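Notes for the structure review
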Amino acid sequence: MRLDAGAPFVIGPTTQIVVDGAAAAGVARTFAAILRPSTGYPLTIVTGADDATRPAIRLALRPGDAPATDESYQLTVTSAGVNLTAPQPAGLFRGVQTLRQLLPTDVESHLRLRVPWSIPATTIQDAPRFGWRGAMLDVARHFFTVKEVKQFIDVLALYKMNVLHLHLSDDQGFRIQIASRPRLTEIGSVTQVAGGEGGFYTQAEYADLVRYAQERFITVVPEIDMPGHTNAILSAHPSASCSVRPSQPYAGTDVGWSTFCVDSAESYAIVDDIVREISAITPGPYFHIGGDEVHTLKRDDYVKFVERAQDIVQKYGKRMVGWEEVAKARLLPTSIAQAWANDTARLALQYGAKVLMSPSKRTYIDMKYTKGNALGLDWAAIIDVRDSYDWDPASFLPGVGEKDIVGVEAPLWSETVRNIGAAFFMSVPRIPSIAEVGWTPQQNRHWDDFRVRLAGQARRWEYLGVNYYQSPQIPWVPDWAETPKEAKAAAAPLVP
Ligand code: TNX
């Protein structure tokens, strides 16, 4: 990025968004939807023919541009206009998020404000370090509605994350409708941690979430945890359990005790039905089988199960992802092991499989920021913002380097996270932090610089109704206090 000497571009009442086709128009619509309420300008989207006399923001695909990763983009801002080009539509979308951040924070207001809508003169060439920059939301321990998950997706999109991993099943609940197995949600979805009423997504609701994410160039990775963490499944289908006593709904938080019966044909029939139906409504290339914390199976039985599950995932055209324990099995080269606690993930490399970095000491955003937090757990670490930022994914695990890693992901387990306000408190600012770990090359990342830029984001979160942790590590600027009362009132309400 280079800041140029010239005057800024100022968005005005006659500014148009000029696009070169349908894909760019789709991205332009998401941008205009942010700009219109706060500026009050029409920001007409024009395809093709460009009235060169009018100030414009131009979005165009340039398939030949280098570096040609899916998400790279080039941005030039002069007083005469904004030119955003990218080899792929995803790059245009990422570039639009940069424009959003270059504009005054008031651009997020839901109410019209009279602010000079200026974008500094600059030249940017940008591309991500890793192709997988994600967050996981555990909707099993506590359920989150479609509307809430969309708000969560909005925050991922703002910070250029591109994966939403949904932890859809655990001991406490099974959260997605499976047409061939209605008992899974009839029996398996009706509770959650501490005994609330739980819930589940119909397939239509899930498809709606996937579409919403797709419009933001975010891939949904569905996870059905197995063979452990399966009490909700087994309570609906006791024949897939080796236990003689049928499982009961579970509202506690212990882990490691439930398991599919590895030698029962019924187990694989259920897995087949689940993987087939979810794969059919998931356009992304991945299916996550969990595979973590199975404390009640012998290693051979665990391996046997994972290899059969991997076959089923492959049969339905998906690449298997699993928590690092799955690397004890013989992996396909297309599979991915998600590192979280030890260095089992390294075993994946001998099969040509890759590693996704979610080290619990750095990326587990269900951990407390500080000992004093009421929310969160502390078994892995206390993780303040700096801990989430100041580490290098490529030197974290012995023997696992840059080339072995697909990216980084921040998991939000929800044992203590009972509502979306709490989810945002745990996620922000650590999601922006992990997003930058995944996007920006190591040599360009500096904590002293990040903490200042992060402080500037707070007002944006206030406008968006996004709760956040006011870490004492960040030099917050108290400018929200100066925001016009009306604009404040029009901001989305903070959810408790
Ligand atoms: C471990 S990390 C788990 C989850 C818990 C989490 C709580 C992993 C793969 N499994 O079942 O929710 O700790 O921090």
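Residues numbered from 1 in each chain as written. Predicted model: local features only at pLDDT ≥ 70, side-chain atom pairs only at ≥ 80, totals over all residues. Heavy atoms only, no water.

Another aspect to go through is the domain arrangement of the protein chain. How big an interface is tends to be stated in terms of accessible area lost as the parts join. What the domain assignment reports for the protein chain is domain 1 (2-126) and domain 2 (132-454). A C-alpha centroid distance of 34 Å is found between domain 1 and domain 2. Taken residue by residue, the interface counts 13 residues in domain 1 and 11 residues in domain 2. Of the roughly 1000 Å² buried where domain 1 meets domain 2, counting both sides, 57% is carbon and sulfur surface. On the domain 1 side of the interface with domain 2, the three residues burying the most area are Glu71, Phe93 and Arg94, jointly 46% of the side's total. At the junction of domain 1 with domain 2, the criterion picks out 1 salt bridge. The closest approach of N and O atoms between Arg133 and Glu71, which form a salt bridge, is 2.7 Å. Linking domain 1 to domain 2 there are 7 residue pairs in polar contact (both at pLDDT 80 or more). Partitioning the side of domain 1 that touches domain 2 into residue classes produces 5 nonpolar, 4 polar and 4 charged. (Domains from an automatic or database assignment. Contact = heavy atoms within 4.5 Å. Buried area = accessible area lost by both parts, 1.4 Å probe. Salt bridge = Lys/Arg side-chain N within 4 Å of Asp/Glu carboxyl O. Polar contact = N/O pair within 3.5 Å; in protein donor to acceptor, adjacent residues only side chain to side chain. Nonpolar A, V, L, I, M, F, W, Y, C, P; charged D, E, K, R; others polar.)

Formally, a disulfide is one covalent bond, and it connects the sulfur atom of one cysteine to the sulfur atom of another. Under the defined criterion, the tally for this structure stands at 1 disulfide. Here Cys242 connects covalently by a disulfide to Cys261, the sulfurs 1.8 Å from one another. Handedness here is read from the sign of the S-S torsion; for Cys242 and Cys261, about 85 degrees, the answer is right-handed. Note that Cys242 is positioned in the loop between α6 (231-236) and α7 (265-280) and Cys261 in the loop between α6 and α7, a separation of 19 residues in sequence. Look at Cys261 and you get buried, because its relative accessible area is 12%. (Disulfide = S-S within 2.5 Å. Helix = DSSP H or I, 4+ residues; strand = E, 2+ residues; numbered from the N terminus. Buried < 20%, exposed > 50% of the residue type's maximum accessible area, 1.4 Å probe, protein only.)

Closest axis-to-axis distance for the α7/helix α8 (residues 299-315) pair is 10 Å, and the angle between their directions is 35 degrees. For the pair α7 and α8, the sense of crossing is right-handed. For the pair formed by α7 and α8, the contact residues are Tyr268, Val271, Asp272 and Val275 on the first element and Phe305, Arg308, Ile312, Val313 and Lys315 on the second. Taken together, the residues of the contact of α7 with α8 break down into 6 nonpolar, no polar and 3 charged. (Axes fitted to C-alpha atoms, helices over the stretch in contact; angles between N-to-C directions. Left-handed = near helix turned anticlockwise from the far one by under 90°.)

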